[in-house]
Each structure stands twice: as C-alpha cells, then as structure tokens.
Amino acid sequence: MHHFHYVDNELYCEDTPVQRIAQEVGTPFYLYSHATLKMHFEAFDSPFRDVPHITCFSMKSNSNLAVIRLFALEGGGVDIVSGGELYRALKAEVDPGKIVFSGVGKRPEDLAYGLDSDILMFNTESSQEIERLNSIAGEMGKKARIALRVNPDVDPETHPYISTGLRENKFGIDIREAPDQYAKASKMPNLEVMGVSCHIGSQLTQVDPFVEALRKLLSLVDKLRAMDIPIRYLDLGGGLGITYDQEEPPHPTEYAEAIKKEVKGLDLTLIFEPGRVITGNAGILVTKVLYTKSTDEKNFLIVDAAMNDLIRPSLYSSYHAIQPVVKKGRRVIKADVVGPICESGDFLAKDREIDAYEPDELMAVMSAGAYGFTMSSNYNSRPRVAEVMVRGDQYHVVRERERYEDLIRGERIPDFLQ
Ligand code: LLP
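Predicted model only: the values in this text are computed from it and were never measured.

What follows concerns the domain arrangement of the chain. Many structure descriptions define interface size as the accessible area lost when the parts assemble. When its domains are assigned, the chain resolves into domain 1 (4–31 + 280–407) and domain 2 (34–278). Here the C-alpha centre of domain 2 lies 32 Å away from the C-alpha centre of domain 1. Contacts between domain 1 and domain 2 engage 22 residues on the former and 24 residues on the latter. For the pairing of domain 1 and domain 2, the buried interface totals around 1,900 Å² over both sides, and the portion due to carbon and sulfur atoms is 56%. By the criterion of area lost to domain 2, the three top residues of domain 1 are Tyr-316, Tyr-371 and Met-389, representing 28% of everything that side buries. The interface formed by domain 1 and domain 2 contains zero salt bridges. Where domain 1 touches domain 2, the interface holds 10 residue pairs in polar contact (both at pLDDT 80 or more). Among the elements of the structure, α11 (312–316), β20 (386–391) and β21 (394–399) are those that each provide at least two residues to the side of domain 1 that touches domain 2. Considering each element in turn, the side of domain 1 that touches domain 2 owes the most residues, four residues, to β20.

The structure is reproduced here in structure tokens:
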C-alpha cells in the first residue's frame, strides 16, 4: 500500500491533496504520512513479536516530536546520540526504559542527563568514556547500565560516509580488544555491564553483513558469559536500507528471519535502532519551481528548496526521485534541479530526465522522510521549512516554518559595536 499516490493526476498523501497543503502552508515543506510511518514501524517491529526485543527508533533520521510520539504510542523506544535528542524524546514521552544512548563523543553533561533520566543503557564507545561514565555515576550515587559498542570489522558495502563498522572507522571498540575492556568495566563499582552493541552502517541493501556482524557479537557474548559477565542485551544497531531508485533491499521480515535464526534459544533481549527504513519513504519534500533557465550546456529548474533543506544529494550524491504534484502532459527534458543557494553544489537532482515544469508548479522530492529535515540548516539565512503530518483527510503542521526572527534568536551586537 502506498500512501503517496495519484488521484486524477493529482498527488495525494493519504486522502489529502498535496496541492491544498502547499496553498495553505506555503513551500517548501516536509510532508509525512502518519499511516506510512505507522505501517513501517509495524513492518519492522512485528516480525520480532515472538522474541524479547525493543525497537529503538533512531531519531537522528527524523526527530520531530509528533513522529517520535507516534512510535512511543506503538510501544517503541528510541536510539539517541545527544542530550538534545534525549530532551526531545522525553518531551514526546518516550519511556526512558526504552532509550539507548549511542555516540562516540558523549559530553559529561549528556552522560549525567542520561543517568538522571534513568535511560535503559549507554552504548559506550571507548575506554575513556567508560571510565568517565563510571565516575559521573559514582558522583550521582547511581549505577549506569552499559553495553560496549564493538566494531566488528564488517564491510556493509554502502557509501563510505555512512559505513561505520570497519576497523578504520571512528566508531566503537575493536572487537578484539573488547574482552579486556569488558573485564575492566565489569570491575567498576558504578557500572552494570549488561549488553553488547554494534552498528555497522546505513542504507545496507543485503542481509549478509548484518548476519556476519551478529555472529561476531554472539561469539563475544559466549566469551563474556564464560567470564561471568552476564550479558542480557544484544543491540544490532540500525542500517536497513530502502528503495530510493533501483535498490532492492531485503524486506524487514527477511531481515528478522535471518536474525532470529541466529539467536534462537539464547536468553537475550534484542535491540534494534532502525531509522531510515521506517521514516525514509514516509516523507517527501514539496517545493515550487521559481524559474527555469537554459544555457547551451544545460537546463536548470530553479526551485525554492535548497541544499540547506535537503543536503543528501549534495553530500552523498544521493538520488531522490522527483514527481510532479500535478501530472500534466509536459514534455520531458534533461535538467538539473537546483536551489537558490550560492554554491554549485546546491542541487536536488543532476542531469535528470524530468518534466519541463513551468514557474509556480510544484514538485515532490520523494524518500525525504529520513535525514531530510534533521540535517537541514539555516545556511544563506534561510528559515527552516515547515513539517506537516497527514492523517487521512486532515493535515497538521507539526513544526512551523521558521520566521526571520528565529534566524537571529540569541544573537547580540556587543556594546563596543553600538
Ligand atoms: N544507530 C546508530 C548508532 C547510528 O549511527 C545510526 C545512523 C542508526 C542507528 C540508524 O541508521 P539507519 O537505520 O537510519 O540506517 N545522514 C546519512 C545517514 C547517516 C547514518 C548515521 N547513523 C544519510 O542521509 O544517508
């Protein structure tokens, strides 16, 4: 079932015409389908229904309060990587007992905030972090529940910027060093060592690297249990890919079956940190054509969204399909879809076979629900765009478009410049 679909050549999100939202909210804006988010969460979560597990949505992919709240209501937790994400999660009333805190550079104040909030577990990534967490927990009179994030040295075969489980990456603790680190951590008075974790990369389109990483983690669990370190949680991270263009990633059910086969009978609670697979295809970015222009070399469609709104094409050369909000019998041209930002790297599509849109026509940049709004910035002093959630025939602005006042919030001209 697809919740972004055409009715009489007009793009709808569920039962709501996208054009109507654009007229009322203005452009650009991110648009999320409630039904799709819910369906994708269930598609990931339900195949694990028969094993102890927690689906901790990776909120770096989409951290809008309404989105997180939806998953909290579905029984999900979250994977956080900063104090700011913890703040959002608590505002959305996510159960702290289902929050895992990952990240290679957690600040002392973030560790304290996590302890104070009684989150489920810190995925620690270095021996210094482990020591620091132990001492902060001691000062606070608390015990920190931890896993070690190990680096299993598995090639996820994805874009180098989003591959994280290779020895050359900055993430985690080398799996060969892990037993020693575990032995040390388990002697620290203010830590409760209870898990192993990893995250090998993002936008994976095969199951095999996950299984390879899992096997390495399981043999570590065996070793640790033999050392009398009672491991109860295994966190396999996120990373399952989606279709942007021609990719054919495994369905979550296939992923789940492969994993369940490996962990049968091992008294472990599984944790997953899916982001993109849940939100990616549940959102689009709607933008309006401002101008068109042709040179001898190229055609340009200049639109009102830019790299500050969706940086993925510029940063990773990512492909995002572009569809008309109203289908017409336009001729097809080859063009670059570019934004107003003063950089040649500001494009949403390059050399794309695309409708010859006219000014004021709307286009939908597809698969923009993950790492879209969350990676947006105010570059060129562009207010960040609105976020809208559709449910059935209703839409809700779940984040207002920023105003010019928001751009200078907190800025001051010092006395000596008055
Ligand atoms: N857990 C950890 C520890 C992570 O670092 C990440 C993503 C995830 C879970 C979720 O991964 P997912 O299921 O979404 O693949 N900005 C890039 C993606 C960066 C991913 C960073 N870590 C992009 O737009 O493709």
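From this point, the narrative continues.
Glancing now at the pairing of β20. Within β20, five of the six residues are buried, which leaves the element mostly enclosed by the surrounding structure. Pairing of strand β4 (residues 29–33) with β20, which is carried by five bridges, proceeds in the parallel orientation. Counterpart to Tyr-32 in the pairing with β20 is Met-389. The turn joining β20 and β21, which pair antiparallel and follow one another in sequence, is formed by two residues; a positive phi near 65° is taken by Gly-392.

The next thing to look at is the state of the cysteines. Counted under the stated rule, the structure contains zero disulfides. Distance from the sulfur of Cys-56, which forms no disulfide, to the nearest cysteine sulfur (Cys-198) is 14 Å.

What helix α3 (residues 65–73) keeps buried is the set Val-67, Ile-68, Leu-70, Phe-71 and Ala-72. Where α3 begins, the side chain of Asn-64 points an oxygen toward the backbone nitrogen of Ala-66, at a separation of 2.8 Å.

Glancing now at the nonpolar core. Formed by 92 residues in total, the largest nonpolar core has its most connected members in Tyr-182 and Leu-234. If you tally residues by element for this core, the top one is helix α8 (residues 208–226), at eight residues. For this core, the two domains that each supply at least three residues are domain 1 (4–31 + 280–407) and domain 2 (34–278). In this structure, Val-18, Val-25, Val-388 and Tyr-395 belong to the second largest nonpolar core, which totals 20 residues.

For the structure shown, the criterion picks out 25 salt bridges. A salt bridge links Arg-107 to Glu-109; the shortest N-O distance between them is 3.5 Å. Exposure remark for Glu-109: the relative accessible area of 46% places this residue in the partly exposed category. Between Glu-405 and Arg-403 there is a salt bridge whose closest N-O contact spans 3.8 Å. Within this structure, Lys-328, Arg-330, Asp-355 and Glu-361 form a network of salt bridges that share partners.

Rules used throughout
Residues numbered from 1 in each chain as written. Predicted model: local features only at pLDDT ≥ 70, side-chain atom pairs only at ≥ 80, totals over all residues. Heavy atoms only, no water. Domains from an automatic or database assignment. Contact = heavy atoms within 4.5 Å. Buried area = accessible area lost by both parts, 1.4 Å probe. Salt bridge = Lys/Arg side-chain N within 4 Å of Asp/Glu carboxyl O. Polar contact = N/O pair within 3.5 Å; in protein donor to acceptor, adjacent residues only side chain to side chain. Helix = DSSP H or I, 4+ residues; strand = E, 2+ residues; numbered from the N terminus. Buried < 20%, exposed > 50% of the residue type's maximum accessible area, 1.4 Å probe, protein only. Pairing = 2+ DSSP bridges. Disulfide = S-S within 2.5 Å. Core = buried A, V, L, I, M, F, W, Y, C linked by side-chain atoms within 4.5 Å.

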